[in-house]
Amino acid sequence: MPGLPSPITVTPARRHAKSRRRRETAVAWAYVSPAVLIILGLGVVPVAWSLLLSFQADDLVTPSRFVGFDNYTALAQDPRFAQAVGNTLLYTVLYVPLSVLFGFLLAQALNRRIRLIGLYRTLVFVPFVLSATAQGVLFSFILDPQFGAANSLLHHLGVSPQGFLTDPAQAMLVLVGITLWSGTGFCVVVYLAALQDVSPSLVEAARLDGAGTWRVLRHVTLPAVTPVTAFLVLWQLITSLQVFDLVYVTTKGGPLGSTTVIVFFVWEQAFKNFTAGYGAASAYVLALALLVVVVVVRVLRRSRKVLR
């Protein structure tokens, strides 16, 4: 007759190990719980609440009323929202490629050992450190149509005064110029780090084979910094789609709505017109657009890796 299996006994050592793991888990949760509560309170809960809000008519004062997809339907028919989307796309199309291109060119120029190179790199990066609010206040004074330094300089050069931020034809271009002045520094720093990781032996081998500056740039440098370029394009896309501070400080979405971008439209609907549900719906349209951008970039990167 086969013997019965012996019962499993928990040894004191194993019991002690389980007790120690439980204590370690409790201590770990005690350390991370404040951060988890902050993330839940300031991240997850507001996101879920605003999603529910987008399906309601809410003025933040009286009780809300469920309206289903009416807010989203109204957005599709709202000419001001269409204008905000167009302005955001124009800003993105101008800012993203120019900031990446200028960042790469400046990084190439600063990636060499010359006198005071540290100072030059610092001066390029300093505008990025300034907040968008400070930039807006600074350029509002400089570009003031009547008393600004820019029109004073143009007057001495014999050029007629310009409207800059008060001219519907110029305001968006001026905002792009301001953000290029500040945002290009980030691209420069990232590209500098990438260029300094390019193997000097590859560059030297290409030059020994007779490759000139352009061929070295095309066949050695650009392939080496391609992952960094993809990261910067994605980062600048997200940044451009979320621009708000500079618009709020300088133009308030004007003149004639020429600088009203999506995030400013969201703020305007929620906190100026007190149509919080409508503003939440427009915010989720922006969130969906950002998600599409991220997915497209990831798919393109994977497809390039497969082709290689």
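Residues numbered from 1 in each chain as written. Predicted model: local features only at pLDDT ≥ 70, side-chain atom pairs only at ≥ 80, totals over all residues. Heavy atoms only, no water.

**Quick look at the overall build of the protein**
So, step 1. Along the protein, the regular secondary structure elements total 13 helices and 2 strands.
So, step 2. On C-alpha atoms alone, the protein measures out to a radius of gyration of 27 Å, which is more than a quarter above the 19 Å that the 2.2 N^0.38 rule sets for 308 residues.
So, step 3. Along the first, second and third principal axes, the C-alpha atoms of the protein reach 110 × 75 × 40 Å.
So, step 4. Relative to its full complement of 308 residues, the protein shows a buried share of 34%. (Helix = DSSP H or I, 4+ residues; strand = E, 2+ residues; numbered from the N terminus. Rg over C-alpha atoms; globule rule 2.2 N^0.38 Å. Buried < 20%, exposed > 50% of the residue type's maximum accessible area, 1.4 Å probe, protein only.)

**Regarding the side chain of Thr 260**
So, step 1. Of note, Thr 260 is situated in the loop between helix H11 (245–250) and helix H12 (262–272).
So, step 2. When its relative accessible area of 2% is taken as the criterion, Thr 260 is described as buried.
So, step 3. Separated by 2.8 Å, the side chain of Thr 260 and the backbone oxygen of Gly 253 make a polar contact.
So, step 4. Ignoring sequence-local partners within four residues, the contact set of Thr 260 consists of Arg 80, Gln 83, Ala 84, Asn 87, Gly 253 and Phe 265. (Polar contact = N/O pair within 3.5 Å; in protein donor to acceptor, adjacent residues only side chain to side chain. Contact = heavy atoms within 4.5 Å.)

**Some details on helix H3 (residues 79–110)**
So, step 1. In a regular helix each residue adds 1.5 Å, so 32 residues correspond to 46 Å; H3 covers 46 Å between its end C-alpha atoms and thus fits that length.
So, step 2. With a side-chain oxygen positioned 3.0 Å from the backbone nitrogen of Arg 80, the residue opening H3 is Asp 78. (Expected span 1.5 Å × (residues − 1).)

**Digging into the packing of H3 against helix H7 (residues 171–195)**
So, step 1. Contact geometry for H3 and H7: axes closest at 6 Å, N-to-C directions at 40 degrees. By the criterion of interaxial angle, the relationship of H3 to H7 is oblique. Two packed elements cross with a definite hand, and for H3 against H7 that hand is right-handed.
So, step 2. In terms of residue class, the contact of H3 with H7 is made up of 21 nonpolar, 7 polar and no charged. (Axes fitted to C-alpha atoms, helices over the stretch in contact; angles between N-to-C directions. Parallel < 35°, antiparallel > 145°, perpendicular 65-115°, else oblique. Left-handed = near helix turned anticlockwise from the far one by under 90°. Nonpolar A, V, L, I, M, F, W, Y, C, P; charged D, E, K, R; others polar.)

**Thoughts on the pattern of salt bridges**
So, step 1. Per the counting criterion, the structure on display carries 2 salt bridges.
So, step 2. Residue Arg 80 pairs with Glu 268 through a salt bridge whose shortest N-O separation is 3.1 Å. You can see Arg 80 sitting in helix H3 and its partner Glu 268 sitting in helix H12, a full 188 residues away along the chain. (Salt bridge = Lys/Arg side-chain N within 4 Å of Asp/Glu carboxyl O.)

**Overview of the environment of Phe 104**
So, step 1. Secondary-structure assignment places Phe 104 in helix H3.
So, step 2. Put simply, Phe 104 and Val 297 are 193 residues apart on the chain and 20 Å apart in space, counted from C-alpha to C-alpha.
So, step 3. The contacts of Phe 104, once residues within four sequence positions are left out, are Tyr 191, Leu 195, Leu 217, Thr 221, Leu 222 and Val 225.

**Overview of empty space enclosed by the protein**
So, step 1. In total, this model carries 1 cavity of 30 Å³ or more according to the counting rule given.
So, step 2. A volume near 30 Å³ is recorded for the largest cavity.
So, step 3. Of all the elements, H7 adds the most residues to the lining of the largest cavity, at 3 residues.
So, step 4. A breakdown of the residues in the lining of the largest cavity according to their chemical character gives 7 nonpolar, 1 polar and no charged. (1 Å grid on protein atoms, 1.4 Å probe; cavity = no way out; pocket = protein on both sides within 12 Å on 5 of 7 lines; lining within 4 Å. Points joined across faces, edges and corners; volume = space filled by probe spheres on them.)

**Here we look at unusual backbone geometry**
So, step 1. Here the amide bond leading from Gly 254 into Pro 255 is cis, since omega sits at -5 degrees, within 30 degrees of zero.
So, step 2. Along the polypeptide, Pro 255 turns up in the loop between H11 and H12.
So, step 3. Of note, the phi angle at Phe 164 is positive, near 55 degrees, even though the residue is not glycine.
So, step 4. Looking at the secondary structure, you find Phe 164 in the loop between helix H6 (149–156) and H7.
So, step 5. Note on Phe 164: relative accessible area 13%, which makes it buried.
So, step 6. Look at Lys 252: it is not a glycine, yet its phi comes out positive at around 55 degrees.
So, step 7. Mapped onto the secondary structure, Lys 252 falls in the loop between H11 and H12.

**Examining the packing of aromatic side chains**
So, step 1. Summed over the entire model, instances satisfying the criterion amount to 17 aromatic pairs.
So, step 2. Ring geometry for Tyr 248 and Trp 267: centres 5.1 Å apart, planes at 75 degrees, overall edge-to-face. A residue pair is termed long-range when its members are at least 10 positions apart, and Tyr 248 in helix H11 and Trp 267 in helix H12 qualify at 19 residues.
So, step 3. Take Tyr 248: its relative accessible area is 31%, and that puts it in the partly exposed class.
So, step 4. Put simply, the rings of Phe 125, Phe 128, Phe 186, Phe 231 and Trp 235 touch in pairs and so form one group of aromatic residues. (Phe/Tyr/Trp six-rings, centres within 6.5 Å; stacked < 30°, edge-to-face > 60°.)

**A word on helix H5 (residues 132–142)**
So, step 1. For H5, the complete set of buried residues consists of Gln 135, Gly 136 and Phe 139. An end-on view of H5 places all buried positions within 100 degrees of arc, on one side of the element.
So, step 2. Contacts from the buried residues of H5 go to helix H4 (117–129), H7 and H11. (Arc of directions from axis to C-beta.)

**Structural notes on a nonpolar patch on the surface**
So, step 1. On the surface, a nonpolar cluster with roughly 990 Å² of combined accessible area is contributed by Val 27, Trp 29, Tyr 31, Val 32, Val 36, Leu 37, Ile 39, Leu 40, Val 44 and Val 45.
So, step 2. Checked against the element boundaries, Ile 39 lands in helix H1 (residues 12–53). (Patch = residues over 30% accessible without salt bridge, like charges linked within 9 Å, V, L, I, M, F, W, Y side chains within 5 Å. Areas by Shrake-Rupley, 256 points an atom, 1.4 Å probe, with all protein chains shown as cover.)

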